[in-house]
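Working through the structure, step by step
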Amino acid sequence: MAKNSTSDQKINKFGVAQYLSDFSKVLYNNLFVNLYAGQTTDLLMTQLKKTKVNELKMRVLVLFGLLEARSLNDRVEGESLVTIECGFDDEKLAIGVTFNLKDIFNKKQIELNVGQKNPKTEIERYINAITEYSDGVIVHYQESTKRIEVIALLDFDATEGITENKKIKDLEIFVFGKKAEVPERTSEKYIELGDLNYKDLLKKEMDKNVSEELDLSYGEFIAKNAQENYIKKLYGSKDPFSYDEKVKLKDVTNRLYDEKINVSGGSPEEEDTLEKKVGDYREVLQSETQIVKGTPASGDDEQILREKPSTDGETKPEGYNVKFSEDEKEEKLMPYGVGESLKGKRSKLNENDNETIKIKGEYEDTQQATTVKDKLNYGLIEKKSISSSEDTDEASKKSEEKKVEAQKVEAQKLSPIEDEPTLSQSSKDNIEKDSSQLANTIDSGAFGKILIKGKEESEEVKRESKEDKTKKWIDRFMGDLFSEKSKIQLLSKQLNLSIKQKEFKFKTKEKSYQEELRKRKEIIHKKDIILNNVKEQVHNLQVKLAKAKSETKKNVGGDILIKNQLTKYEKLLSVSQDDNEKLGKQVLELKKQLSNQPAKVMQVENKDTLLELNNMKSDHDRLKRHLEEFKKINKQLMEKLTQSNKKQGTSITKTTEMKNRLEQAMVLSMNSKKEVTNLQGKLTDKVKEEIKLKNQLKLLLVEVKKLKKSGGSSSAA
Amino acid sequence: MDFYYKKLPLELFNELRPFPVSKVKPYQLLLAPVYVFLHKNSKFLALKGPLDFFTEQEMEKYSTYEVMYFHRSIELCTPFVIASKSVKDILSLESVDMIPSYELSDSVLRLIGPLWSSENKIEPYFINIFVDELCAPLGNKKMEEASLLDVDLFECALLQSSWAVFLALHLGYCNLNFLNKLRLNTFDSVMGFESYNGKNEEVEDLISIARSTLKSIETKVLYGNYFDKKNERVCKKMSSKINRIQNEVCVTGLKSATIFGKEGAFSG
């Protein structure tokens, strides 16, 4: 249950959790800038989807709360900070916006003015607006810090619009001091917006699947999705192409659909029907010997033209002899941008209909089948051109009607289109040529000859005959024969036409499929190239990464090496310094000894000095060796430094450090060199002194000998 | 802070890291004890301890040494310095205002999170290093004055102010100016230079938590699970953050860096 109102306790803390249940969840964010307030709202909304919150109200409250708080806010720690808390439980949502108020806060005045809906100050207007959009408003104000928190409550039930005027609570304002006096009421869970998986949450589910692959804009993506859905509807689940391929093949597909509209009689079934009908006519020609009276075309003709008897007896709208019904056609073709052309075609068809009616009228007037045949392209209806007779019997009338109707239906079926076919002029010419050839064959064939012969003979019979009935019968019979001949010619024409159309259709289809195939191959090829490029890039990156790793390892190793070497240097330096000091001391002592000690003592100590000299020599050699080592190390360091400089252009800091270290090392080595040279100088001095001492020693020895001799002689004396 | 070795013999040269004197700047908090080599005694002598600094006069005096030696415990500070510089780079971006606040706080948390060990603890000394690198200097006079007043209090003020800033960063207060002022205000209030006149109740709570959890320089370690036990709003928020760090950001199996014991230079 939600925590009850604050009437039973003193509020002296900020936070929305105080008005929510113990198991509530609070999302919060500190905003130093109000940019992306919309995204912040979106992110909050992703967490509120499962609740019954009124999204619009919530968005208004958050956006208004944040943006207006900016203008009312005073700078804290030099920065403009607005904190938003959005807490919710099972019953309600609490949106709290906290900021530092730069204006004066007068609790009573705010309560009065907002209560009367007559806000005067900026903060009053702010609170009033929040009150308008929420089911309750609570204001916290800390006098010491001038910090204000405006909490808007949204009741999940109230937001459903059942009880619009229902309020959780009226405006409540709490003004408190600095220190909290009661334990704080908190929420079970506090989540900062940055802790959410905002990337995935803000990314729509569909976007997740596609935009990464294709890098589409939202608009493009929406368009793509809509189109894909349509295509799925068209093809079902067996949609053979992907979106991209479809887009690329759009033009081709359009053409295909256009062909479906413009080309008729292409299906094998229709071809079969055509053959069957031709056969039927032959039968009629053969079997029908009865003269029937011709009937004028009725107003139902148009209906007949538009309707096709189905196999199950129902009359289904056939449209314009295309694969799809009119509505289906429009619906299915719309996504491909052919809606307009379809409408255009429809108007053309209507024009053709009108023309048909007009021609029918003419036909009725002239009752000349040939006129009709000439006027209707590719032969729409061939009417029997035999004048009606009043004395025709009922049976013949009915059979005539039936016949005409059947002819109409068949003509409708056989008629390729009401619209202009999309065949090229050359194709048309070829068809015309073929048809005329066939007609000529019929004319020049046995049937034609028989007809001509029959006509001549019938003229003779008519002349010989005196009975009108016989004459009429002959006329009718001959008329029938000629009309049937013309029908056969017409049908042959249509047959040719349909064959050509079929050929043309197959060719275009073949072309389009080839084109599709080519384009798909191109796409695959492009994809392969992209894939290869990506692979290459990945490979390069891996190589670079490996190189970088090895370099860093080397550098790390190099650093350690340099450090160690530096320590070595310093150690050696200190040791050499110590040695120097010792040597200096020894030199001094030697000098003292030489100058002060009596000859006897010197004689005794001469051995020690020799030893010391030997030691010094060995030290000198050691120092020389060290010097050489230093030089070598310096060389190595220099080489490494140059290498690392070459390799690492970016790591300037490291190289500078290395340089510094190297400089230090160089300074140290120079010092050591100087010291060594000094030592060498000292050594040479010592050697000189040694020589001098030796000379002195010799002289002393000579003197000693002399003294011995003189002593001996004196003693002897 | 007390550290082990005031003097080091030449043999322990490997324990030290040489550094040119020219690189050591006055009034910069030292990351480790600093030594110089005495040729006469053949020994390294400690000049300054950690959390201390050189004045300008001192730098002039010691400039003759050319090389100064930091204790190797300075190497422990590297991840904290790197993280700090990275955070500073982000918050100093000219286009920082163009980054949504939640993305900014997320990126900062991803940088500071790994500073917590997998044992959910961190040493205040390192926090100070992190914050000192991140924030603007406290000021020469202020530092000199504070250190002369009371060294322990100065160190305590450093640690507490750094801890407050570190906590604020966790809670998404990702603004460099704000953090600088927070550090300065906390330092002043701890030193008693100025009483804190906060304008944000949550930041006040953070400061009080920083002061209560890090009462003196004797506090060696700060534990993340401290916040789990508390019921305050700030603690709940911190607890949620620490949980995320432990679950997502923190490097598993990473031992906490310590300046105490054998590894560090400080006497426990």
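Computed from a prediction, not measured in an experiment: that's the story for all the values here.

On to the overall build of chain A, then. Within chain A, the regular secondary structure consists of 20 helices and nine strands. Look at the contacts in chain A between residues 6 or more apart in sequence, and 74% of them connect residues 24 or more apart.

Our focus in this paragraph is the overall build of chain B. For chain B, the helix and strand inventory stands at ten helices and seven strands. Every one of the 268 residues in chain B was classed for burial, and the buried ones make up 47%. Residue pairs at least 24 apart in sequence account for 78% of intrachain contacts in chain B once pairs closer than 6 positions are excluded.

Residue and element names in this part refer to chain A. Contact geometry for helix H3 (residues 107-115) and helix H4 (residues 122-133): axes closest at 10 Å, N-to-C directions at 50°. Comparing the axis directions of H3 and H4 gives the class oblique. Seen from above, H3 lies across H4 with right-handed handedness. For the pair formed by H3 and H4, the contact residues are Ile110, Asn113 and Val114 on the first element and Ile123, Glu124, Ile127, Asn128 and Thr131 on the second. Taken together, the residues of the contact of H3 with H4 sort by class into four nonpolar, three polar and one charged.

What follows concerns the pairing of strand S4 (residues 43-48) of chain B. Residues and elements named next belong to chain B. Relative to S4, strand S1 (residues 7-9) runs antiparallel, the two being bridged by three bridges. What sits directly across from Pro9, in S4, is Lys43. As paired strands, strand S3 (residues 34-38) and S4 are joined by five bridges and run antiparallel to one another. In the sheet register, Phe37 faces S4, and the bridge partner there is Phe44. The turn joining S3 and S4, which pair antiparallel and follow one another in sequence, is formed by four residues; a positive phi near 55° is taken by Ser42.

Residues and elements named next belong to chain A. On the basis of which strands lie adjacent, the open sheet formed by seven strands has the order S6-S4-S5-S3-S2-S1-S7 and mixed pairing. One side of each edge strand has no neighbouring strand; the edge strands of this open sheet are strand S6 (172-176) and strand S7 (189-192). Averaged over all pairs of adjacent strands, the angle between strand axes in this sheet comes to 15°, irrespective of strand direction. Across nine bridges, the pairing between strand S3 (residues 92-100) and strand S5 (residues 147-155) is antiparallel. Of the residues in S5, the one forming a bridge with Ala94 is Leu153. Here helix H1 (residues 37-48) sits on the sheet and contacts strand S1 (25-31), strand S2 (82-88) and S3; the angle it forms with S1, its principal contact strand, is near 170°.

In this section: the interface of chain B and chain A. Facing the 35 residues of chain B at the interface are 42 residues of chain A. Counting only elements with at least two residues in the side of chain B that touches chain A, the list comes to strand S2 (16-20), helix H3 (101-112), helix H7 (176-191) and helix H10 (233-249) of chain B. Per element, the largest residue contribution to the side of chain B that touches chain A is six residues, and it comes from H3 of chain B. Among the residues making up the side of chain B that touches chain A, the classes are represented as twelve nonpolar, twelve polar and eleven charged.

As a further point, take unusual backbone geometry. Not every positive phi belongs to a glycine, and Lys117 of chain A is a case in point at roughly 55°. For Lys117 of chain A, the position within the fold is in the loop between H3 and H4. Given 9 C-beta atoms within 10 Å, Lys117 of chain A falls into the exposed group. Although it is not a glycine, Ser42 of chain B adopts a positive phi angle of roughly 55°. By the secondary structure assignment, Ser42 of chain B is in the loop between S3 and S4. The exposure class of Ser42 of chain B is partly exposed, given the 14 C-beta atoms found within 10 Å.

Let's shift gears to the confidence of the model for chain A. Residues and elements named next belong to chain A. Summary statistics for chain A give a mean pLDDT of 67 and a share of 54% for residues scoring 70 or more. Per-element confidence in chain A ranges from a low mean pLDDT of 38 for helix H11 (residues 300-306) to a high of 91 for S2. Confidence drops under a pLDDT of 50 for residues 284-346, and excluding neighbours within four residues, the segment shows 89 contacts in the predicted structure. Counted against residues more than four places away or in other chains, residues 362-392, with its pLDDT under 50, gives 60 contacts.

Residue and element names in this part refer to chain A. Here H1 is twelve residues long and its end C-alpha atoms lie 16 Å apart, about the 16 Å a rise of 1.5 Å per residue gives. What H1 keeps buried is the set Ala37, Thr40, Thr41, Leu43 and Leu44. The buried residues of H1 all sit within an arc of 160° when viewed along its axis, so they share a single face.

A word on the sheet that holds S3 of chain B. Residue and element names in this part refer to chain B. The strand order S1-S4-S3-S5-S2 describes an open sheet built from five strands, whose pairing is antiparallel. The open sheet is flanked by S1 and S2, the only strands paired with a single partner. Averaged over all neighbouring strand pairs, the angle between strand axes comes to 35°, with direction disregarded.

Turning our eyes to something else, we now look at the nonpolar core. Among the nonpolar cores identified, the biggest contains 130 residues, and Val150 and Ile151 of chain A together with Phe130, Leu167 and Ala168 of chain B are the most heavily contacted of them. Broken down by element, this core gets its largest block of residues, twelve residues, from helix H6 (residues 151-170) of chain B. Excluding its chain neighbours within four sequence positions, the residues that come into contact with Ala168 of chain B are Tyr173, Leu179, Leu182, Val203 and Leu206 of chain B. Within the second largest apolar cluster, six residues are counted, among which are Leu566, Leu572, Phe630 and Leu637 of chain A.

Turning to the packing of helix H4 (residues 124-134) of chain B against H6 of chain B, a few remarks are in order. Residue and element names in this part refer to chain B. In contact at an axis separation of 8 Å, H4 and H6 are set at 70° when each is read in the N-to-C sense. The orientation of H4 with respect to H6, classified from their angle, is roughly perpendicular. Side by side, H4 and H6 meet where Pro124, Ile127, Asn128, Phe130, Val131 and Asp132 of the first sit next to Leu158, Leu159, Ser162, Trp163, Val165 and Phe166 of the second. Grouping the amino acids of the contact of H4 with H6 by side-chain chemistry returns nine nonpolar, two polar and one charged.

All right, on to the confidence of the model for chain B then. Mean pLDDT over chain B: 86, with 95% of residues reaching 70 or higher. Here the prediction assigns the complex a pTM of 0.51, and the interface score ipTM is 0.87.

Conventions and cut-offs
- Just so you know, the residues in each chain are numbered from 1, in the order the chain's sequence is written.
- By the order in which they are written, chains take letters starting at A while ligands take numbers starting at 1.
- The predicted nature of this model means local features are confined to residues of pLDDT at least 70 and side-chain atom pairs, given and counted, to a pLDDT of 80 or more, with totals for whole chains, interfaces and linings taken over all residues.
- Numbered from the N terminus, helices here are DSSP runs of H or I no shorter than four residues, and strands are runs of E no shorter than two.
- By the criterion used throughout, residues are in contact when their C-beta atoms, derived from the backbone, lie within 7 Å.
- Here a residue counts as buried when 20 or more other C-beta atoms fall within 10 Å of its C-beta, as exposed when 12 or fewer do, and as partly exposed in between; the C-beta atoms come from the backbone.
- Here an angle of 0 to 180 degrees is reported between the N-to-C directions of two axes, which are lines fitted to C-alpha atoms, with helices fitted over the stretch in contact.
- These descriptions rest on fixed angle ranges, namely under 35 degrees for roughly parallel, over 145 for roughly antiparallel, 65 to 115 for roughly perpendicular, and the rest for oblique.
- Handedness of a helix crossing follows the sense of rotation of the near helix relative to the far helix, less than a right angle counterclockwise being left-handed and clockwise being right-handed.
- Just so you know the grouping, Ala, Val, Leu, Ile, Met, Phe, Trp, Tyr, Cys and Pro go in nonpolar, Asp, Glu, Lys and Arg go in charged, and all remaining residues, Gly too, go in polar.
- The pairing criterion for strands is at least two bridges between them, as found by DSSP.
- pLDDT measures the predictor's confidence residue by residue and takes values from 0 up to 100.
- Given the number of residues in a helix, its expected span is that number minus one, multiplied by 1.5 Å.
- The arc in question is the one traced by the directions running from the helix axis out to the C-beta atoms.
- By our criterion, buried Ala, Val, Leu, Ile, Met, Phe, Trp, Tyr and Cys residues that link up through C-beta atoms within 7 Å make up a nonpolar core.

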